[in-house]
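Results of the structural survey
Now for the letters of each chain:
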Amino acid sequence: MAAVSCNKDIAPEGADTTTVRAALSPDPGSIPAAGGSFESVVIVNQGMKLNVGWTLSVDGNPDWLNVSKVTLKTNFDGTYDGDDREVEQPGISCTVGANATGKKRVAVIRFTTADGRSDIYTLTQSAK
């Protein structure tokens, strides 16, 4: 009979343990030329680790975009009676200024994990 061990810190051979994946929910899509604001929960996974900590930056710090890390309260609709609850999740709050340039503009929002690896979200704003 073989012995079996369960160790959650051991990754299967060849498993991806470093790639960072960030997702916004809801995804704001393209921002209209008039500008606006939105809040989104941000989920960052690294390799097999889910919901890892992250820091926020915006490449080039464009003056038309203000992004900050916030804690958002969302409602969880449970499967069973009494499972519903309010949860707090990390997210971002963004304010985008009006675009009078006549050209589409793009900003790169970067989510970086403790080991310095990162994933980006490309925010696009329509032209006027």
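Every chain begins its residue count from 1, and numbering advances along the sequence as written. In view of the model being predicted, local features appear only for residues whose pLDDT reaches at least 70, and side-chain atom pairs are presented and counted only at 80 or more, with totals across whole chains, interfaces and linings using the full set of residues. Side-chain measures were taken over the full set of non-hydrogen atoms in the model, leaving aside hydrogen atoms and water.

**Examining unusual backbone geometry**
Here the bond from serine 25 into proline 26 is cis, since omega is 0°, no more than 30 degrees from zero. Only DSSP runs of H or I covering at least 4 residues are called helices, and only runs of E covering at least 2 are called strands; the numbering of each starts at the N terminus. Following the sequence through the fold, proline 26 ends up in the loop between strand S1 (20–25) and strand S2 (36–46). We note that asparagine 61 has phi near 40°; this positive angle belongs to a residue other than glycine. Here asparagine 61 shows up in the loop between strand S3 (55–58) and strand S4 (65–76).

**As for the sheet that holds S1**
Here we have four strands laid out as an open sheet, ordered S1-S2-S5-S4, and antiparallel in their pairing. Each edge of the sheet is formed by a strand with only one pairing partner; in this case those strands are S1 and S4. Neighbour-to-neighbour, the strand axes of this sheet turn through a mean angle of 40°, independent of strand direction. Paired strands, in this sense, are two strands between which DSSP finds at least two bridges. Pairing geometry for S1 and S2, over six bridges, is antiparallel. Bridged to leucine 24 within S2 is valine 42. Simply put, an axis is a line fit to the C-alpha atoms, just over the touching stretch for a helix, and the angle between two N-to-C directions goes from 0 to 180 degrees.

**A short note on the pairing of strand S6 (residues 105–112)**
Pairing analysis gives four bridges linking S3 to S6, with the strands arranged antiparallel. Within S6, the position partnered with threonine 55 by the bridge is threonine 112. Relative to strand S7 (residues 118–125), S6 runs antiparallel, the two sharing eight bridges. For isoleucine 109, the partnering residue across the bridge sits in S7 and is tyrosine 121.

**Focus: the environment of aspartate 81**
Mapping aspartate 81 onto the fold places it in the loop between S4 and strand S5 (85–96). With twelve residues separating them in the primary sequence, aspartate 81 and serine 93 have C-alpha atoms 32 Å apart.

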